[in-house]
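# Observations on the three-dimensional arrangement
Residues per chain, in single letters:
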Amino acid sequence: MSYAIITGGATGLGRSFSNLLADQGYDLVLVSRSLEHLAAAQKEIQAKYKVKVQIYVGDLSNRVFLHKFIEFVTPYDVEILINNAGFGHNDAFSLSPLDKELNMIDLNIKALHELLKHFYQVFKINGKGRIINVSSLAGFVPGPYASTYYATKAYVNSLTRAVAYEAKKEDSNVIIQALCPGPLKTDFFKNAGTNPMHYKKHPDAAARLALDSKKVIIIPGFKEKLAHLLLKVFPTALSLRFAGMGQKRKRAK
Ligand SMILES: NC(=O)c1ccc[n+]([C@@H]2O[C@H](COP(=O)([O-])OP(=O)(O)OC[C@H]3O[C@@H](n4cnc5c(N)ncnc54)[C@H](OP(=O)(O)O)[C@@H]3O)[C@@H](O)[C@H]2O)c1
């Protein structure tokens, strides 16, 4: 069976993708920094779904590691990439640690970009493949008090739309999509310094909807679709104000 790669696939939204793809019969490659989480996911998924799960431990924001990872997966017959690993930070721009912001850009933008480029090229040669870039509703509006995170997701939305357009025009038979969820109940808040009470939705539904969708920009959930619609019709100054109020309220005390 073909392989699906899920970055950050041992926990959170990535784990939902891992379970669903294993249930569809795909063998998996999971990559992230925690050996403990990866080994637990490998054991549980292999036992439950009877598929092969390869794990690779390391930091995708590190380019040397990223290249080693690409080398590691090269022999596998990869058909799906879920470009999921990412994190946020919830604070005023003037107070956010620069190193954390630059690391976020390395992971949310650069690693995603390089994996997208690599696998788009491979899938074009193979004549088939699918890439889902995990973005966020945050990608549709500037986000005061989480400004870098919102900006990274705006990059992902823009890049995905453009590459998906090229893929279609070139009849590449490669599907390129972006999943843009609202708040989900995952460990995301721990990293972002966000109050966990704002994260209520289980990630399974978002992952399932993404896998079933043919849209380029996938927005899971009624509330999220409504929010997206309002962001389209509101003047930017107004949506920016709402986003800022929301992020300030969500900051962990
Ligand atoms: N939760 C939400 O409300 C929400 C909403 C919209 C979009 N999203 C997006 O959904 C994606 C998944 O987030 P999540 O909510 O599932 O949060 P999560 O539970 O924190 O999962 C993030 C995953 O990425 C991995 N990861 C983080 N940094 C990494 C690095 N440098 N190298 C390799 N792997 C790394 C983590 O594993 P290790 O820590 O072991 O490396 C973890 O498995 C992110 O792109 C996020 O922006 C989340």
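Numbering of residues begins from 1 in every chain and follows the order in which that chain's sequence is written. Reporting in this predicted model follows two pLDDT cut-offs: at least 70 for local features of residues, and 80 or more for side-chain atom pairs to be given and counted; totals over whole chains, interfaces and linings ignore these cut-offs and use all residues.

### Considering the sheet that holds strand E6 (residues 174–179)
Two strands form a pair only when DSSP identifies at least two bridges running between them. Secondary structure is summarised from DSSP: a helix means a run of H or I of at least four residues, a strand means a run of E of at least two, and numbering begins at the N terminus for each. In spatial order, the strands read E3-E2-E1-E4-E5-E6-E7; together these seven strands make up an open sheet with parallel pairing. In this open sheet, the two edge strands, each paired with only one partner strand, are strand E3 (53–57) and strand E7 (217–218). Two elements, strand E5 (residues 129–134) and E6, share six bridges in a ladder whose sense is parallel. Paired with Asn-133 across the bridge in E6 is Ala-178.

### What about the pairing of strand E4 (residues 78–83)?
As a rule, residues whose C-beta atom has 12 or fewer other C-beta atoms within 10 Å are exposed, those with 20 or more are buried, and those in between are partly exposed; C-beta atoms are placed from the backbone. Taking burial as the measure, the six residues of E4 include five buried ones, the bulk of the element. Where E4 meets E5, four bridges bridge the pair, whose relative direction is parallel. Each bridged residue has a counterpart across the sheet, and for Ile-80 the counterpart in E5 is Arg-130. Crossovers are described as right-handed under a simple rule: with the strands pointing away from the observer, the path leading from the first strand over the helix to the second runs clockwise. Following the chain from E4 across helix H4 (residues 98–126) to the adjacent parallel E5, one finds a crossover that is right-handed.

### Points about the site of the ligand
The criterion for a residue being near a molecule or strand is a backbone-placed C-beta atom within 6 Å of that molecule or strand. Around the ligand, the surrounding shell holds 30 residues, and the nearest of these are Gly-8, Gly-12, Arg-33, Ser-34 and Gly-86. For the shell around the ligand, the leading source of residues is helix H1 (residues 12–23), giving three residues. Tallied by class, residues from the shell around the ligand come to 12 nonpolar, 15 polar and three charged. When residue character is reported, Ala, Val, Leu, Ile, Met, Phe, Trp, Tyr, Cys and Pro are called nonpolar, Asp, Glu, Lys and Arg charged, and the others, Gly included, polar.

### Here's the deal with the environment of Thr-160
Checked against the element boundaries, Thr-160 lands in helix H5 (residues 147–169). Residues Thr-160 and Leu-179, 19 residues apart in the sequence, show an inter-C-alpha distance of 9.9 Å.

### Description of unusual backbone geometry
Phi at Asp-171 is positive, roughly 50 degrees, even though this residue is not glycine. Within the element layout of this structure, Asp-171 appears in the loop between H5 and E6. One non-glycine residue with positive phi stands out, namely Asn-173, at about 65 degrees. Along the chain, Asn-173 falls in the loop between H5 and E6. Judged by the 14 C-beta atoms lying within 10 Å of it, Asn-173 falls in the partly exposed class.

### Notes on H4
How far a helix is expected to stretch is found by multiplying one less than its residue total by 1.5 Å. The end-to-end C-alpha distance of H4, which contains 29 residues, comes to 40 Å, matching closely the 42 Å that a straight helix rising 1.5 Å per residue would cover. Note on bend: at a given residue it equals the angle between the axes fitted to the 7 residues ending there and to the 7 starting there. Remark: the principal bend of H4, roughly 30 degrees, maps to Lys-110. Looking only at H4, the buried set comprises Met-104, Leu-107, Asn-108, Ile-109, Ala-111, Leu-112, Leu-115, Phe-119, Tyr-120 and Phe-123. Backbone geometry just after H4 places Gly-127 at a positive phi near 80 degrees.

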